[in-house]
Protein chains: 4
Amino acid sequence: SASKPKKTTQLKQMLTSNNLEFLMEAHNGLSAKIVEEAGFKGIWGSGLSISASLGVRDSNEASYTQVLEVLEYMSDATTIPILLDGDTGYGNFNNARRLVTKLEQRGVAGVCMEDKTFPKTNSLLDGRAQPLADIEEFSGKIRACKDTQKDADFCVVARVEAFIAGWPLEEALRRAEAYHKAGADAVLIHSKKKDPSDIEAFMKAWNNRAPVVIVPTNYYTTPTDRFRELGISTIIWANHNMRTAISSMQATTKQIFQDQSLKNVETKIATVKEVFRLQNDQELTKAEDKYLPKEK
Amino acid sequence: SASKPKKTTQLKQMLTSNNLEFLMEAHNGLSAKIVEEAGFKGIWGSGLSISASLGVRDSNEASYTQVLEVLEYMSDATTIPILLDGDTGYGNFNNARRLVTKLEQRGVAGVCMEDKTFPKTNSLLDGRAQPLADIEEFSGKIRACKDTQKDADFCVVARVEAFIAGWPLEEALRRAEAYHKAGADAVLIHSKKKDPSDIEAFMKAWNNRAPVVIVPTNYYTTPTDRFRELGISTIIWANHNMRTAISSMQATTKQIFQDQSLKNVETKIATVKEVFRLQNDQELTKAEDKYLPKEK
Amino acid sequence: SASKPKKTTQLKQMLTSNNLEFLMEAHNGLSAKIVEEAGFKGIWGSGLSISASLGVRDSNEASYTQVLEVLEYMSDATTIPILLDGDTGYGNFNNARRLVTKLEQRGVAGVCMEDKTFPKTNSLLDGRAQPLADIEEFSGKIRACKDTQKDADFCVVARVEAFIAGWPLEEALRRAEAYHKAGADAVLIHSKKKDPSDIEAFMKAWNNRAPVVIVPTNYYTTPTDRFRELGISTIIWANHNMRTAISSMQATTKQIFQDQSLKNVETKIATVKEVFRLQNDQELTKAEDKYLPKEK
Amino acid sequence: SASKPKKTTQLKQMLTSNNLEFLMEAHNGLSAKIVEEAGFKGIWGSGLSISASLGVRDSNEASYTQVLEVLEYMSDATTIPILLDGDTGYGNFNNARRLVTKLEQRGVAGVCMEDKTFPKTNSLLDGRAQPLADIEEFSGKIRACKDTQKDADFCVVARVEAFIAGWPLEEALRRAEAYHKAGADAVLIHSKKKDPSDIEAFMKAWNNRAPVVIVPTNYYTTPTDRFRELGISTIIWANHNMRTAISSMQATTKQIFQDQSLKNVETKIATVKEVFRLQNDQELTKAEDKYLPKEK
Ligand SMILES: [Mg+2]
Ligand SMILES: [Mg+2]
Ligand SMILES: [Mg+2]
Ligand SMILES: [Mg+2]
């Protein structure tokens, strides 16, 4: 790992490479490590997953420092880059640029900010108002973040919520262009349609002016090769670790409750030894040998 | 829920009832809510699971205030009592009694403390020294906690690690008796044998002087009725939500990585709507109707 | 102290009593204790002082949980009520009501919220825009807070920034009335004039509909009896502990720097023994005697 | 500041220079900034002052992450190096080395650790047991910290408590030598005598094997030139900002309480404008001009 580029550089390379790249969701140190061990090159620090796992709502109920603490655990547990779902930056440009500083200190490689207002509402919630930020205000936020970062490779991704809020392609393009001019390293075009038509329309018109990131949670049936053809830079698998954790915990908890026993569960779940391995307990054993006095 | 007893009272009743009761592990707000929804009457705030999910080791790498923050999320998300695995109390009697105050403020119903030294080592780790606390010192810690609690029903459980550390029954009994005299509401007798012989021997000699709690992680094949016969008060299913989350996240992450697609995963995991339900999003929608100005 | 009313009740009584009452600023556990020892009946948890002492700006740079942690130290160190300067509630009604829950858990007696937008700007900063909140939106926030509190005596004070933002008396009255109807336990009328004319005009028109709190930082030359005549409920001395700490630390630091010695400083500052006394070290000594094993 | 060396390098140079250097205590972002503005080249993050200002005792009542948060504010507010009073490292070698990682992330330049046991007792408290750490155990802790730091100039200072605990010179030398061999960048020799005899005896025997740091809180009458002659590397003025803040806040609070008025206080304390200046409010004004949309 001595020869591996910095996490920021790794993320920047993913965004700018000609290959389609993938970020997999994690929401705590454990899931982050699992993502790395599976072979993924980067991690998506999902706002929905982090809030859901903490037990709060994806409406900025957790403070930005509480989210930051989750990110610190995730970053400490892994060697691949993390792109944080930074919502709206937790306030105005000043809150957003402070976040960038704090993320850099903790080894987080980049942040994605969306052009909505604080406190945010999850984009996939039906029947909710999704007020967009003023373009100039949000562009100023992106500029402030880019001016603040100390590491030139730290990535700021601007998330365009125009489609989510019911606006046509023109508004999405206008915003993407403004954020690109403001310095965003990539734009994330979000859509909650079941098909990729929003993304296709955007990509046709966008003409590769800057890397584009997508989140196919709702249009997951589209073959990935279609996104390759369209020239997408990076796909985010946005919340699936948290969702699989939910279904498995619900099933396991129900089974133990009904059985009043572990017998039907024990062989289906990770062993305690596997937990210790994931915690890298072996390193501590070696360190104890090295740094603790020998028992006399 | 208006007529439900306080969480502390609920836990006290579980410990002192004549029925065998069960506490199910949780490690964040999400898993805590899942435990409550499954029908369990109480939650075990596992040190191993909390540390593993954060991405650190079960060796007091997370500070006591970091653990406390996890507990606050868990307590806020649920209406059933939580018994925290409080390790050694994170220091001496003064640290332990401060913890009690902080737990009471956050609505945590009780704490279990073990007679080892800070920083602790997980009891199931092989080949590690498991130095026990001085009996008098640990008894003073229990007394300090009991003297500190403001709510008379807050529960302090004393965990006896004598068997874990390789001592015979006499040592376990001597310690259980001392901690009982010091005011512990129950004793937790820990064993890492594959069979229940430690527990059986203890229960025969103990003669029901105080409620006994057990953690059958290693001797899980013993039928639960055997523990009923022995007069056990409460069984802790100690880490199975975290372990099932691990195996499911590993499988799901691997599948998505291999497929470069969500298609084989989507139908097997909780829906996004289910995530919103677990976050109690409906309450927020209603509250927005009630407290936000109507769109004009 | 067993017979003392709850902190919330103490604060409620201060706000509703016929006497003019005083809240003195504190910004950490130490200054809070000093305020109590001086004889004050209540503490003002100043946003300006807390942010300044942390080293950040009074523009919601510290997250609400970071502020909460300061308040927890202050509350733990004292037995008199604290009214938190809660700025705008750190977001919308949902953020504000969550804050109320968190404050109640930590023994804070009340919160003051101001009708501005997040992130806030300090009211005494010259030449800054001071955009006011929509009246209906802010009234909804107050209602949400009052509906959320569990302790009937927890106090929510609504701070009217109309004068600060350059609006005339009518706007101040309209807002005060709306917030009073929304359930505020008192209104805080803020003014940055050097004379009390804003306050006098308001009090004449207000006619004692609800308790009024003032902050005479800028109009400090007005005799306190004048505020008694006007029927003010409570005066906040808003930031003077932090300001005296600044001037004394600047002087002491400069002296030591110049002298390269402590000789001109030692006798003018609190002794180390006094520090230990303020930390209540004596209680710990007694507790050690009670709970630690005797040295053998 | 572009040409200024890193904070770690600055501290390393202070410790290794041939001049007598000075570190001045600070305990929050505000006092840290005051120390820098006075001209000091470095800051002492005092455990006593930090705990006292928070409102807790110097007995590891605040968790290491709570202390870390104070340090982060201090580091963010200043450009000169901070040496943290890291007590015993908050546990064993593993806790200590984790602390080093966290301090490096936050831009803290070094940590001082003392050879006592967790939780610690303040060295100046009379009549308390001051149990020393096992030499081999503490040396292992120092080695672990030095092996963990990523920045070669991060400083680990080993504090020798032998004199505090009543041991003779030989023990102090034996320990200083062991910690020096373990890799400590400097040793801090602590003494609570009113005269410098402990320090003099040590310096004579030590013969400049490694830089020596002292804390003349109790022997403050010794002329500083005497320490120059002895070859001391660095003097720590350990708690005087907190102590001057106490006396000034006590006086100001008392005055306001008695007067029920600010009139006798206003002209003696820092102005509100000075508070804004210390918060660097001007930078925010400029940034608002740069990043916020113009009012239309
Ligand atoms: Mg999100
Ligand atoms: Mg445990
Ligand atoms: Mg304020
Ligand atoms: Mg100290």
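Just so it is clear, the model here is predicted, and its values are computed rather than measured.

Novice: How should the overall build of chain A be read in this particular structure?
Specialist: Secondary structure assignment for chain A yields 12 helices and eight strands. Since a compact globule built from 296 residues should have a radius of gyration of about 19 Å, the 20 Å found for chain A is in line with a globular shape. Taken across its 296 residues, chain A has 68% of its residues classed as buried. A separation threshold of at least 6 residues defines the contact pool for chain A, and within that pool the share at least 24 residues apart is 72%. Total accessible area computed for chain A in this model is approximately 10300 Å², and 50% of it derives from carbon and sulfur atoms. Computed over 39 positive and 39 negative side-chain charges, the separation of the two mean positions in chain A equals 1 Å.

Novice: Which parts of the structure should I look at to understand the side chain of Gln279(A)?
Specialist: Inspection of the secondary structure assignment puts Gln279(A) in the loop between α11 (272-278) and α12 (281-291). What makes Gln279(A) buried here is its relative accessible area of 7%.

Novice: Teacher, can you tell me more about the packing of helix α7 (residues 169-181) of chain D against helix α8 (residues 197-206) of chain D here?
Specialist: When two helices pack together, their arrangement is given by the angle between the helix axes and by the axis-to-axis distance. Residue and element names in this part refer to chain D. Closest axis-to-axis distance for the α7/α8 pair is 10 Å, and the angle between their directions is 55°. Taken together, the axes of α7 and α8 are oblique relative to one another. Here α7 and α8 pass one another in a crossing that is right-handed. Residues Leu169, Ala172, Leu173, Ala176, Glu177 and His180 of α7 pack against Ala201, Phe202, Ala205 and Trp206 of α8. By residue class, the composition of the contact of α7 with α8 is eight nonpolar, one polar and one charged.

Novice: Looking at this model, I keep getting lost on the relation of the copies chain D and chain B. Mind explaining?
Specialist: The transform that puts chain D on chain B rotates by 180° and translates by 0.0 Å along the axis, for an RMSD of 0.0 Å. Such a combination of turn and shift is consistent with a two-fold rotation axis. Nearest to the rotation axis, the C-alpha of Ser63(D) is located 3.1 Å from it, this being the minimum over chain D. Same-surface contact between copies: 100% of interface residues of chain D are shared with the interface of chain B.

Novice: Quick question: what am I supposed to make of the sheet that holds strand β8 (residues 234-237) of chain A here?
Specialist: What links the strands of a sheet is backbone hydrogen bonding, and the strands pair in either a parallel or an antiparallel sense. What the eight strands build is a closed barrel, ordered β1-β2-β3-β4-β5-β6-β7-β8 (chain A); its pairing is parallel. Taking the axes of each pair of neighbouring strands and ignoring which way they run, one obtains an average angle of 30° across the sheet.

Novice: Quick question: what am I supposed to make of unusual backbone geometry here?
Specialist: Most peptide bonds take the trans configuration, and most residues that are not glycine carry a negative phi. Residue Pro119(C) follows Phe118(C) across a cis peptide bond; omega there is -10°. Structurally, the position occupied by Pro119(C) is in the loop between β4 (110-114) and α6 (135-148). Of note, the phi angle at Asn207(A) is positive, near 60°, even though the residue is not glycine. Within the secondary structure, Asn207(A) sits in the loop between α8 (197-206) and β7 (212-214). Phi at Asn60(B) is positive, roughly 55°, even though this residue is not glycine. Relative to the helices and strands, Asn60(B) resides in the loop between α3 (47-54) and α4 (64-76).

Novice: Could you clarify how one ought to interpret the interface of chain B and chain A in this entry?
Specialist: As a measure of interface size, the accessible area lost when the parts come together is often cited. Counting from both sides, the interface comprises 77 residues of chain B and, opposite them, 78 residues of chain A. On the chain B side of the interface with chain A, the three residues burying the most area are Arg57(B), Arg243(B) and Met249(B), jointly 10% of the side's total. Note that Arg243(A) is salt-bridged to Glu266(B), the shortest N-O span being 2.9 Å. Here chain B and chain A share 39 residue pairs in polar contact (both at pLDDT 80 or more) between them. Of all elements in the fold, only β1 (21-26), α2 (29-38), α3, α4, α9 (224-230), α10 (240-259), α11 (272-278) and α12 (281-291) of chain B reach the threshold of two or more residues within the side of chain B that touches chain A.

Novice: Explain the interface of chain D and chain B here, please?
Specialist: Contact residues are listed per partner, giving 18 residues for chain D and 18 residues for chain B. The junction of chain D with chain B conceals about 1200 Å² of combined surface from both sides, 45% of it contributed by carbon and sulfur atoms. For the interface between chain D and chain B, the tally reads two salt bridges. The salt bridge partner of Arg98(B) is Glu61(D), with a shortest N-O separation of 3.6 Å. Taken together, the links from chain D to chain B amount to 11 residue pairs in polar contact (both at pLDDT 80 or more). A total of four residues in the side of chain D that touches chain B trace back to one element, the largest contributor, which is helix α5 (residues 93-105) of chain D. Taken together, the residues of the side of chain D that touches chain B sort by class into five nonpolar, nine polar and four charged.

Novice: Please explain the packing of aromatic side chains as it appears in this structure.
Specialist: Given two aromatic rings, one states the distance between the centres and the angle between the planes to describe the pair. Residues and elements named next belong to chain C. A complete count under the given rule lists 30 aromatic pairs over all chains for this structure. Between the aromatic rings of Phe202 and Trp206, the centroid separation amounts to 5.3 Å while the plane-to-plane angle is 20°, which identifies the pairing as stacked. Of this pair, Phe202 and Trp206 both sit in helix α8 (residues 197-206), four residues apart, which is roughly one turn of the helix. The class of Trp206 is buried, set by a relative accessible area of 0%.

Novice: Looking at this model, I keep getting lost on the relation of the copies chain B and chain A. Mind explaining?
Specialist: Once chain B is rotated about the relating axis by 180° and shifted along it by 0.0 Å, it coincides with chain A to within an RMSD of 0.0 Å. A share of 100% of the interface residues of chain B reappears at the interface of chain A, consistent with the copies meeting face to face through the same patch.

Novice: Any chance you could explain the sheet that holds strand β7 (residues 212-214) of chain C here in plain terms?
Specialist: All names here are of chain C. Ordered in space as β1-β2-β3-β4-β5-β6-β7-β8, the eight strands form a closed barrel in which the pairing is parallel. Mean inter-strand twist for the sheet, computed between neighbouring axes without regard to direction, equals 30°. Relative to strand β6 (residues 186-189), strand β5 (residues 155-160) runs parallel, the two sharing four bridges. Each residue of the ladder has a partner; that of Val157, found in β6, is Ala186. Across the sheet, helix α5 (residues 93-105) is in contact with β3 (82-85) and β4; its angle to β4 comes to roughly 160°.

Novice: I tried to follow the pairing of strand β8 (residues 234-237) of chain B on my own but got confused; where do I start?
Specialist: Every regular strand shows the same layout, with side chains that alternate between the two sheet faces. Residue and element names in this part refer to chain B. Residues Thr234 and Ile236 line one face of β8 and the alternating positions Ile235 and Trp237 line the opposite face, and both faces are buried. Here four bridges tie β1 to β8, and the two strands are oriented parallel to one another. Opposite Phe22, over in β8, you have Ile235 as the bridge partner. You can see the chain leave strand β7 (residues 212-214), run along α9 and come back into β8, and the turn it takes is right-handed.

Novice: In this structure, what is going on with helix α7 (residues 169-181) of chain A? I would like to understand it.
Specialist: Each α-helix winds once per 3.6 residues, and so residues spaced three or four apart point in a common direction. All names here are of chain A. Over its 13 residues, α7 extends 18 Å from the first C-alpha to the last, a length consistent with the 18 Å expected when each residue adds 1.5 Å. Taken together, the buried positions of α7 are occupied by Glu171, Ala172, Leu173, Arg175, Ala176, Glu177 and Tyr179. The inward-facing, buried residues of α7 contact α6 (135-148), β5 (155-160), β6 (186-189) and α8. Gly183 sits one or two positions beyond α7 and adopts a positive phi of about 115°.

Novice: Whenever I open this one, helix α6 (residues 135-148) of chain D confuses me. Can you help?
Specialist: Over its 14 residues, α6(D) extends 20 Å from the first C-alpha to the last, a length consistent with the 20 Å expected when each residue adds 1.5 Å. Counting buried residues in α6(D) gives 10 out of 14 residues, a clear majority hidden from the surface. Along α6(D), the positions that sit buried rather than exposed are Ile135(D), Glu137(D), Phe138(D), Ser139(D), Gly140(D), Lys141(D), Ile142(D), Ala144(D), Cys145(D) and Lys146(D). Packing partners of the buried residues in α6(D) comprise α12 of chain A together with α5, β4 (110-114), β5 (155-160) and α7 of chain D. Capping the start of α6(D) is the job of one residue whose side-chain oxygen sits 3.1 Å from the backbone nitrogen of Glu136(D): Asp134(D).

Novice: Would you mind going over the environment of Lys194(B) with me for this structure?
Specialist: Here Lys194(B) is to be found in the loop between β6 (186-189) and α8 (197-206). When neighbours within four sequence positions are excluded, Lys194(B) is seen to be in contact with Asn218(B), Tyr219(B) and Thr221(B).

Novice: Sorry, what's going on with the pattern of salt bridges here?
Specialist: A complete count under the given rule lists 136 salt bridges over all chains for this structure. A salt bridge links Asp126(D) to Lys273(C); its shortest N-O distance comes to 3.8 Å. A residue pair is termed interchain when its members come from two chains, as with Asp126(D) in the loop between β4 and α6 and Lys273(C) in helix α11 (residues 272-278). The exposure class of Asp126(D) is exposed, given its relative accessible area of 54%. One connected set of salt bridges, linked through shared partners, spans Glu72(A), Asp76(A), Lys102(A), Arg106(A), Glu72(D), Asp76(D), Lys102(D) and Arg106(D).

About the thresholds
- Counting restarts for each chain, with residues numbered from 1 along the sequence as it is written.
- Think of it this way: whatever chain is written first is A, whatever ligand is written first is 1, and the rest follow in order.
- Thresholds applied to this predicted model are a pLDDT of at least 70 for local features of residues and 80 or more for the giving and counting of side-chain atom pairs; totals over whole chains, interfaces and linings are not thresholded and use all residues.
- Side-chain measures here rest on the full set of heavy atoms in the structure, leaving out hydrogens and waters.
- The helix and strand labels rest on DSSP assignments: H or I over at least four residues marks a helix, E over at least two residues marks a strand, and numbering proceeds from the N terminus.
- To get the radius of gyration, use the C-alpha atoms; to get the globule rule, take the number of residues to the power 0.38 and multiply by 2.2 Å.
- Note on exposure labels: buried denotes an accessible area under 20% of the residue type's maximum, exposed denotes more than 50%, and partly exposed covers the range between, all computed with a 1.4 Å probe on protein chains only.
- We call two residues in contact when some of their heavy atoms are within 4.5 Å.
- In short, Shrake-Rupley with a 1.4 Å probe defines the accessible areas, and a residue's cover is counted only from the protein chains shown.
- The charge count includes Lys and Arg as positive and Asp and Glu as negative, but it does not include His or the ends of the chains.
- For charged residues, the charge sits on one atom: NZ in Lys, CZ in Arg, CG in Asp, CD in Glu.
- Angles here are taken between N-to-C directions and fall from 0 to 180 degrees, while the axes themselves are lines fitted to C-alpha atoms, restricted in helices to the stretch in contact.
- Any angle from 65 to 115 degrees is called roughly perpendicular, while one under 35 is roughly parallel, one over 145 is roughly antiparallel, and all others are oblique.
- By convention, the crossing between two helices is left-handed when the near helix turns anticlockwise from the far helix through less than a right angle, and right-handed when the turn is clockwise.
- Side-chain classes follow a simple rule in which Ala, Val, Leu, Ile, Met, Phe, Trp, Tyr, Cys and Pro form the nonpolar group, Asp, Glu, Lys and Arg form the charged group, and the remainder, Gly included, forms the polar group.
- Least-squares superposition of the copies uses the C-alpha atoms of those residues scoring a pLDDT of at least 70 in each of them.
- What makes two strands pair is DSSP finding at least two bridges between them.
- Put simply, buried area is the surface a 1.4 Å probe can reach on two separate parts but cannot reach once they are joined, added for both.
- By definition here, a salt bridge exists when the distance from a side-chain nitrogen of Lys or Arg to a carboxyl oxygen of Asp or Glu is within 4 Å.
- Under the rule applied, a polar contact is a pair of N or O atoms within 3.5 Å (in protein, one hydrogen donor and one hydrogen acceptor; residues adjacent in sequence only if both atoms are side-chain atoms).
- Two rings belonging to Phe, Tyr or Trp (six-membered ring only in the last case) form a pair when the distance between their centres is within 6.5 Å. Interplanar angles under 30 degrees mark stacking, angles over 60 mark edge-to-face geometry, and anything in between is tilted.
- Seen with the strands pointing away from the viewer, any crossover whose path from the first strand over the helix to the second strand runs clockwise is right-handed.
- Expected helix span is computed as 1.5 Å times (number of residues minus one).

Purely geometric numbers; function is a separate question.
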